[in-house]
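Reading the structure
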Amino acid sequence: MKLIIINGPNLNLLGKREPEIYGSKTFADFFEELKSKFNNIDLSYFQSNIEGEIIDKLHEVGFEYDGIILNAAAYTHTSVGIGDAVKGITTPVVELHISNVHAREDFRHHSFIAPAAKGVLFGFGLKGYELAIQSFI
Ligand code: CA2
């Protein structure tokens, strides 16, 4: 099974700032743990701070991979383009957020991705990525 995690803007800062919201582990360290936990899965990781690069990656993998775990970060709440890309591909997408977006500011309650997603996971910290992989298994 071929899965990819796509993380959006500022998630490269994980483990370095705001540990009270996002935890204190870097995604690079966490990703190594995930790969060893799910060593029978072909798991890859892509992060970008650039909206168009995220759209390009969705087009690149979105007709071939078995699943996409997408944390589009702030673009979730603003990007019609990423929402359209998720609608336009055939690979199922699980939308994911580390924090409970519904316990935060109102602008985080809306997602342009959710209507086209297979499911949405939020509020479980980094554990959510594990739950998303399990949902594809
Ligand atoms: O909870 C999530 O995973 C979010 O997608 C994270 C986004 C936020 O805009 C969404 O509403 C919810 C923000 C990512 C910023 O990540 C940082 C990590 C460490 C330090 C600073 C920012």
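Residues numbered from 1 in each chain as written. Predicted model: local features only at pLDDT ≥ 70, side-chain atom pairs only at ≥ 80, totals over all residues. Heavy atoms only, no water.

1. Thoughts on the site of the ligand
Neighbouring residues of the ligand: 17 residues in total, closest N71, H77, I98, S99 and R108. Compared with its free state, where it exposes 510 Å², the ligand has 94% of that area covered by protein. When atom positions are compared with the pocket grids, the ligand is found to occupy the largest pocket. (Near = heavy atom within 4 Å. Areas by Shrake-Rupley, 256 points an atom, 1.4 Å probe, with all protein chains shown as cover. 1 Å grid on protein atoms, 1.4 Å probe; cavity = no way out; pocket = protein on both sides within 12 Å on 5 of 7 lines; lining within 4 Å. Sits in = over half its atoms within 2 Å of the grid points.)

2. Some points on unusual backbone geometry
Non-glycine residue N10 carries a positive phi angle of around 75 degrees. Among the secondary structure elements, N10 is positioned in the loop between β1 (2–7) and α1 (19–22). (Helix = DSSP H or I, 4+ residues; strand = E, 2+ residues; numbered from the N terminus.)

3. Concerning the layout of surface pockets
Empty space within the largest pocket amounts to approximately 390 Å³. In terms of lining, the largest pocket is formed by 18 residues, of which the most central are P9, N10, L11, Y22 and A73. (Points joined across faces, edges and corners; volume = space filled by probe spheres on them.)

4. So, the packing of helix α2 (residues 27–37) against helix α5 (residues 127–136)
Where α2 contacts α5, the two axes come as close as 11 Å, and the packing angle between them is 35 degrees. As α2 runs across α5, the sense of the crossing is right-handed. In contact with F27, F30, L34 and K37 of α2, α5 contributes Y129, E130 and I133. Taken together, the residues of the contact of α2 with α5 break down into five nonpolar, no polar and two charged. (Axes fitted to C-alpha atoms, helices over the stretch in contact; angles between N-to-C directions. Left-handed = near helix turned anticlockwise from the far one by under 90°. Contact = heavy atoms within 4.5 Å. Nonpolar A, V, L, I, M, F, W, Y, C, P; charged D, E, K, R; others polar.)

5. Let's talk about the confidence of the model for the protein
Taken as a whole, the protein shows an average pLDDT of 96; of its residues, 100% reach a score of 70 or greater. Least confident of the elements in the protein is α1, whose mean pLDDT is 83; most confident is strand β3 (residues 67–71), at 99. (pLDDT = per-residue confidence, 0-100.)

6. Concerning the pairing of β3
Of all the five residues making up β3, five are buried; the element is thus mostly covered by neighbouring parts of the structure. Side chains G67, I69 and N71 of β3 all project onto a buried face; the interleaved residues I68 and L70 project onto the opposite face, where all are buried too. Here β1 runs beside β3; their pairing, made up of five bridges, is parallel. For I6, the partnering residue across the bridge sits in β3 and is L70. (Buried < 20%, exposed > 50% of the residue type's maximum accessible area, 1.4 Å probe, protein only. Pairing = 2+ DSSP bridges.)

7. Points about empty space enclosed by the protein
If you walk through the whole model with that rule in mind, you get one cavity of 30 Å³ or more. Lining of the largest cavity is provided by F30, E33, L34, K37 and E130. The greatest single-element share of the lining of the largest cavity, amounting to four residues, is contributed by α2. Classifying every residue of the lining of the largest cavity by side-chain character gives two nonpolar, no polar and three charged.

8. Here we look at α2
Among the residues of α2, F27, F30, F31 and L34 are the ones counted as buried. Along the long axis of α2, the arc covered by the buried residues comes to 100 degrees, so they all point the same way. (Arc of directions from axis to C-beta.)

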